[in-house]
Every structure is written in structure tokens, then in C-alpha cells.
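So you can see what is in the structure, the chains are spelled out below.
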Amino acid sequence: MSDATRLRLTFSLLMSGLMSLLMTGWVSWLNLGFGPDFVARWGHAFVAAWPAAFSIVLILAPGVQRLSQRLTARRLGRPSTC
């Protein structure tokens, strides 16, 4: 496995895990409040969300990175390198 592929997979795993953890916790709290089964429901939501989030980040992150580079280059008045 190349270093670039390893980096992309690691980034996707970490970013999707962090976002899934935070967003499922937030939405679970908004919808359910802190009841006695909050952690169990949060855990279930997280396990359901993480595979989808990982796939989405893996597929869309390169395009979002290119778009970010273009927008930043325009803002700084530089030609885009993409």
C-alpha cells in the first residue's frame, strides 16, 4: 500500500469517526436528552453512522480538498494548482 493511500484511509477513518461520534452524540442529546439509556442509544447511533460517514469521506474528501484549494487560490489571487 502506498503512503498516499495509507494517508487517505487513515484520514478518512479518523475524520469520519470523530464527526460521527460528535454528531450522533449531539443529535441523540437533542432528541432524547440525558436519560438513563442515553449512552446505549448514542453508541447504537454511532455504530450505524460510522460506516456511512467513512464511505462518504473516502469518496468525497479529494474533491472537497481540490475545491478548497481553488477557493483559497482565488482568494489569495494565485492561480490554482489543481
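*Asks:* How should I be thinking about the pattern of salt bridges in this particular structure?
*Replies:* Pairing between side chains of opposite charge can happen when their charged atoms approach one another. A full pass over the atoms with the stated rule returns two salt bridges. As a salt-bridge pair, Arg6 and Asp3 come within 3.2 Å of each other at their nearest N and O atoms. Taken together, the residues span about one helical turn, with Arg6 and Asp3 both in helix H1 (residues 3–32) at a distance of three residues. Residue classification places Asp3 among the exposed residues on the basis of a relative accessible area of 61%.

*Asks:* Can you help me understand the environment of Pro36 in this one?
*Replies:* Among the structural elements, Pro36 can be located in the loop between H1 and helix H2 (38–76). Overall, the relative accessible area of 90% leaves Pro36 in the exposed class. Between the C-alpha atom of Pro36 and that of Leu18, which follows or precedes it by 18 residues, the distance is 24 Å.

So, how was this worked out
- Residues numbered from 1 in each chain as written.
- Predicted model: local features only at pLDDT ≥ 70, side-chain atom pairs only at ≥ 80, totals over all residues.
- Heavy atoms only, no water.
- Salt bridge = Lys/Arg side-chain N within 4 Å of Asp/Glu carboxyl O.
- Helix = DSSP H or I, 4+ residues; strand = E, 2+ residues; numbered from the N terminus.
- Buried < 20%, exposed > 50% of the residue type's maximum accessible area, 1.4 Å probe, protein only.

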